Amino acid sequence: MALVELVGITKSYELGRTVVHALNGVDLQVERGEFTVVMGPSGSGKTTLLNIIGCLDRATAGTFRFDGEELGDRDFNDLAEIRNRKIGFIFQSFNLIPVLNVTENIEFPCLIRGDPKKALRERVRQVAEEVGLGKFLAHKPDELSGGQRQRVAIARALVTQPQVVLADEPTANLDSGTSEQIIDLMLELNAKENVTFLFSTHDPRVMAHARRVVHIADGRLVDGTDSGRAEVAAVAGMGAR
Amino acid sequence: MGSLLQIAVRNVVRNVRRTAITLAALLLGVGVMVSIRGTLNGLQRSMKESMVLAQTGAVQVHKKGYLKNVLSSPLHLDMEVGDALVKRILAVPHVTAVAPRILFGGMVNLGDQTLFMATLALDPKREFEVCPKRRDLFDARAKAFGTSADGMVITVELAKGLGAKLTEPAALLAPDKDGALSGENATILGTMQLTSPGERKIGIVPLPLAQHLLKMEGRATELAIAVDDLENAPLVAAALERALGPEFEVHTWDNVATFFKDILFRQDFLLSLIATVFLVLMLLGVANTMLMSVLDRTREIGTMMALGVRRSRIVTLFLVEAAVIGVFGGCLGGLLGSIVVAWLHVRGIEVTMPTSAVPFVIQPFVDVLYIVKIVCLSGIGALVFAVYPAWRASRLRPVQALAGG
Ligand SMILES: Nc1ncnc2c1ncn2[C@@H]1O[C@H](COP(=O)(O)OP(=O)(O)OP(=O)(O)O)[C@@H](O)[C@H]1O
Ligand SMILES: [Mg+2]
């Protein structure tokens, strides 16, 4: 069973008399342990797609299954809990909570669900170490560089041990060197810890690193571009670069 | 949840400028409210004291039904003022002095003028044990009241009406207890000021003179009673009622001088009105701050929602922030107000009431309970006024919030 399964997903917005089809019949499966990149130009529907998979938004039509469950009829609080327990988010603009320091930002999603604070501190330290922030635990977001902030976001996404980490253009606000470091970090986490990543970009340079690339244009996946589909099983099993 | 509280407090501290503006509004509002309340407290205490110590005494005893007919100054509702009665009254705890009085409608004649005069017959010795400040209202010559058997004191207004030289021999006329007109020679010693509104043509005569005039030897219509502390007046009144029995009626000073109650009530009402306006203005400031905060932090709210924070927690977050500002601002305001009031207390404010030429000094004071009340009000009010902004924050759709609104 695929972790994420989309069948004929559409999303349309009514703008006055015109209707914008942000997604136009998307079929997509993501397996556990995969590292998938959604490529596409601006306005092609990447964010819309990730928002639906991330349970932040609802599709207009089609079937969306996450971890075997259809989530179409869940209310806000149910979805909030699913997001909290099963999904990690990394945003283009980092989206850290400005008044919290690195440790507090990382532990935040765990505190929401009531994880005991003592055991948490140790795990937070570990995760921070893993993303290379061991020395910055007490820093506030505005005392960090863009790359460091995105590392905090990665740590925050990982600390809950989610089923999938969704990253919407996580490198768009970073210079190319830092971008590569961040992508390397995500690849490494995918390889070492078998974390499932789904991330979007319109930066062709990122392609070089990606194992499975799905192209999207005008709200549709472009046929025959799903590079990784054939070898998915093997990659997911091996977990090696 | 602890971390929400942490976030709330830190946001308050972090947004220095915005918080400072809101705090300043609260500080000023609460500070002004406490200062006004304190000044009014001082004013009301002075007014009460001058009322009690210059006119009414703390508690009054009459024959049953007297106060209902007070306008006609009924002489038949009188009592024998013997040692036994006085002793019984003095035996009640907190009572310090008793003074018998007769109130009656009479006339004063001077030269060819005869004027009606609300007459107050006072025991020259004991009256000033109950109302020591009464003398403060007398002019220099009137202070000799009590040294002669027929010396009387009249109000400035009455003296004006009489016109002629006050030193000429005068006469006191009144229907006696049985309704027959009676008269006594009298001397006008001097004049006195009035501090309360109402009847302006009043004369004060020695009690023995009036008793003789009215054929009421050894009797009185009113007993004015002093207590050690005005706070004890209701207690003493209740005890006296028990001690004296159903033949008598006992009233505390504020039930005798009902107009005074009205004045206090009006002052308090006005203050509440001002306070409410201040409070609402202040709290609108808080609401505005919270709304700005919600707008500023739309993306942060979206992030929290993405991370799994429930809507109710978002509401809580903003309510807590508002309450923190409200309570903190209220405390600062309470402190400022207390300092102002304490300073004014030491310094004293000299005022002259429009009804009187005698100035008195107000010493503002405020009780802790009032400050606690205002601080709570400020916190709760901030909470209430933050409900809408908080609700708006919680109603944001996650995608929309993440996109910045
Ligand atoms: N709330 C909305 N209302 C109306 N139209 C929308 C809304 N959100 C997205 N769209 C439209 O849907 C289409 C897909 O948008 P989306 O944000 O998913 O694109 P994207 O691939 O993420 O673009 P970018 O690379 O610029 O982030 C666009 O045409 C956009 O204008
Ligand atoms: Mg996008």
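Up top is the structure.
Residues numbered from 1 in each chain as written. Chains lettered and ligands numbered in written order. Predicted model: local features only at pLDDT ≥ 70, side-chain atom pairs only at ≥ 80, totals over all residues. Heavy atoms only, no water.

Is there a simple way to explain the overall build of chain B in this structure?
Scanning chain B from terminus to terminus reveals 14 helices and 13 strands. For 405 residues, the compact-globule formula gives about 22 Å, and the C-alpha radius of gyration of chain B, at 31 Å, lies well above that figure. Projecting the C-alpha coordinates of chain B onto the three principal axes gives extents of approximately 100 × 45 × 30 Å. On chain B, roughly 18,700 Å² of surface is accessible, and the fraction owed to carbon and sulfur atoms is 63%. (Helix = DSSP H or I, 4+ residues; strand = E, 2+ residues; numbered from the N terminus. Rg over C-alpha atoms; globule rule 2.2 N^0.38 Å. Areas by Shrake-Rupley, 256 points an atom, 1.4 Å probe, with all protein chains shown as cover.)

Hey, could you run me through the overall build of chain A in this one?
For chain A, the helix and strand inventory stands at eight helices and ten strands. Whereas a compact globule of 241 residues would reach a radius of gyration of roughly 18 Å, chain A reaches 18 Å, a difference of no more than 12%. Considering only C-alpha atoms, chain A reaches an extent of 50 × 40 × 35 Å along its principal axes. In chain A, which comprises 241 residues, the proportion classed as buried is 54%. Long-range pairs, those at least 24 residues apart, make up 70% of the contacts in chain A between residues at least 6 apart in sequence. When the accessible surface of chain A is split by element, carbon and sulfur atoms take 48% of a total near 10,300 Å². If the 28 positive side-chain charges of chain A are averaged to one point and the 33 negative ones to another, these points end up 4 Å apart. (Buried < 20%, exposed > 50% of the residue type's maximum accessible area, 1.4 Å probe, protein only. Contact = heavy atoms within 4.5 Å. Lys, Arg positive; Asp, Glu negative; His and termini not counted. Charge placed at Lys NZ, Arg CZ, Asp CG, Glu CD.)

Would you mind going over the interface of chain A and chain B with me for this structure?
A common way to report how large an interface is uses the accessible area buried once the components associate. Tallying the contact residues gives 25 residues for chain A and 23 residues for chain B. With both sides pooled, the region where chain A packs onto chain B buries about 2,300 Å², and carbon together with sulfur makes up 64% of that total. Counting the contacts that link chain A with chain B gives two salt bridges. With its nearest N and O atoms 2.5 Å apart, the salt bridge here joins Glu-104 of chain A to Arg-10 of chain B. (Buried area = accessible area lost by both parts, 1.4 Å probe. Salt bridge = Lys/Arg side-chain N within 4 Å of Asp/Glu carboxyl O.)

Sorry, what's going on with the nonpolar core here?
Within soluble globular proteins, side chains that are nonpolar generally end up buried alongside one another. Formed by 107 residues in total, the largest nonpolar core has its most connected members in Val-59 and Leu-240 of chain B. Residue-level mapping places this core at the junction of two domains, with at least three residues from each of domain 1 (2-51 + 261-402) and domain 2 (65-245) of chain B. Residues within four places of Leu-240 of chain B in sequence aside, it is in contact with Val-59, Val-61, Ile-89, Val-92, Ile-225, Gly-245 and Val-250 of chain B. Leu-96, Val-152, Ala-167 and Leu-189 of chain A belong to the second largest nonpolar core, which has 39 residues in total. (Core = buried A, V, L, I, M, F, W, Y, C linked by side-chain atoms within 4.5 Å. Domains from an automatic or database assignment.)

Honestly, the packing of aromatic side chains in this entry has me stumped. Any pointers?
Centre-to-centre distance and the angle between the planes together describe a pair of aromatic rings. Enumeration over the complete set of coordinates arrives at ten aromatic pairs over all chains. An angle of 85 degrees between the planes, with centres 6.4 Å apart, marks the rings of Phe-128 of chain B and Phe-138 of chain B as edge-to-face. On the criterion of sequence distance, the pair formed by Phe-128 of chain B in helix H4 (residues 127-130) and Phe-138 of chain B in the loop between H4 and strand S5 (151-155) is long-range, its members being ten residues apart. Each member of the aromatic cluster is reached from another via a ring pair, and the members are Phe-35, Phe-197 and Phe-199 of chain A. The ring of Phe-248 of chain B is capped by Lys-63 of chain B, whose NZ or CZ atom sits 5.9 Å from the centre of that ring. (Phe/Tyr/Trp six-rings, centres within 6.5 Å; stacked < 30°, edge-to-face > 60°. Lys NZ or Arg CZ within 6 Å of the ring centre and 35° of its normal.)

How should I be thinking about the site of ligand 1 in this particular structure?
Residue and element names in this part refer to chain A. Around ligand 1, the structure places 13 residues, and the nearest of them are Ser-42, Gly-43, Lys-46, Thr-47 and Thr-48. Measuring from an oxygen atom of ligand 1, one finds a backbone N or O atom of Ser-44 at 3.2 Å. The separation between an oxygen atom of ligand 1 and a polar side-chain atom of Lys-46 is 2.8 Å. Across the complex, the protein chains shield 63% of the 630 Å² of accessible surface that ligand 1 would expose by itself. At the level of elements, strand S1 (4-15) and helix H1 (46-53) are the ones that each hand at least two residues to the shell around ligand 1. Among the elements that make up the shell around ligand 1, the one with the highest residue count is H1 (three residues). Looking at side-chain class alone, the shell around ligand 1 contains four nonpolar, seven polar and two charged residues. (Near = heavy atom within 4 Å. Polar contact = N/O pair within 3.5 Å; in protein donor to acceptor, adjacent residues only side chain to side chain. Nonpolar A, V, L, I, M, F, W, Y, C, P; charged D, E, K, R; others polar.)

Sorry, what's going on with the pattern of salt bridges here?
When the charged atoms of two side chains with opposite charge come close together, those side chains can pair. All names here are of chain B. Per the stated rule, a full pass over the model turns up 31 salt bridges over all chains. Taking the shortest distance from any N to any O, the salt bridge between Glu-222 and Arg-101 comes out at 2.9 Å. With a gap of 121 residues between them, Glu-222 in strand S10 (residues 222-227) and Arg-101 in strand S3 (residues 95-110) connect regions that are remote in the sequence. Its relative accessible area of 5% is what places Glu-222 among the buried residues.

Could you clarify how one ought to interpret the sheet that holds strand S3 (residues 35-39) of chain A in this entry?
Each strand in a sheet pairs with another by means of backbone hydrogen bonds, the pair being arranged parallel or else antiparallel. Residue and element names in this part refer to chain A. Judged by pairing direction, the sheet is mixed, and its six strands sit side by side in the order S6-S7-S8-S3-S9-S10 without closing on themselves. With partners counted over all chains shown, the strands left at the sheet margins are strand S6 (87-90) and strand S10 (220-221), one partner each. Bridge analysis of strand S9 (residues 212-217) against S10 gives two bridges, and the strand direction is antiparallel. In the strand pairing of S10, Ile-216 is matched with Leu-221. In the packing of helix H2 (residues 76-86) onto the sheet, contacts are made with S6 and strand S7 (164-168), and the angle to S6 comes to roughly 80 degrees. (Pairing = 2+ DSSP bridges. Axes fitted to C-alpha atoms, helices over the stretch in contact; angles between N-to-C directions.)

Where do I start with the packing of helix H9 (residues 258-296) of chain B against helix H13 (residues 387-395) of chain B in this structure?
Helix packing for two helices is described by the angle between their axes and how far apart those axes are. All names here are of chain B. Look at H9 against H13: their axes get within 8 Å of each other, and the N-to-C directions meet at 15 degrees. By the angle between their directions, the pair H9 and H13 is classed as roughly parallel. Note on packing geometry: the crossing formed by H9 with H13 is right-handed. Here Ala-287, Met-290, Leu-291, Val-294 and Leu-295 of H9 come into contact with H13, specifically with Tyr-388, Pro-389, Arg-392 and Ala-393. For the contact of H9 with H13, a count of residues per class yields eight nonpolar, no polar and one charged. (Parallel < 35°, antiparallel > 145°, perpendicular 65-115°, else oblique. Left-handed = near helix turned anticlockwise from the far one by under 90°.)

Would you mind showing me how to read unusual backbone geometry here?
For residues other than glycine, phi is negative in most cases, and the peptide bonds are mostly trans. Phi at Gln-161 of chain A is positive, roughly 50 degrees, even though this residue is not glycine. Mapped onto the secondary structure, Gln-161 of chain A falls in the loop between helix H5 (146-158) and S7. Take Gln-161 of chain A: its relative accessible area is 61%, and that puts it in the exposed class. With a phi close to 40 degrees, Ser-73 of chain B is a non-glycine residue in the positive phi region. Mapped onto the elements, Ser-73 of chain B comes out in the loop between strand S1 (59-63) and strand S2 (79-80).

What should I look at first to understand helix H3 (residues 83-90) of chain B in this one?
Every α-helical turn comprises 3.6 residues, leaving residues that sit three or four positions apart pointing alike. Residues and elements named next belong to chain B. Looking at H3, one finds that the buried residues are Leu-85, Val-86 and Ile-89. Projected onto a plane normal to the axis of H3, the buried residues spread over an arc of 95 degrees and lie on a single side. Those residues of H3 that are exposed and angled more than 90 degrees off the buried face are Asp-83, Ala-84 and Lys-87. (Arc of directions from axis to C-beta.)

Can you help me understand the sheet that holds strand S4 (residues 61-66) of chain A in this one?
Residues and elements named next belong to chain A. With respect to topology, four strands assemble into an open sheet ordered S2-S1-S4-S5, the strand pairing being antiparallel. Sheet topology places strand S2 (18-30) and strand S5 (69-70) at the edges, where each strand pairs with a single neighbour. With ten bridges connecting them, S1 and S2 associate as antiparallel partners. Directly across from Lys-11, in S2, lies its bridge partner Leu-23.

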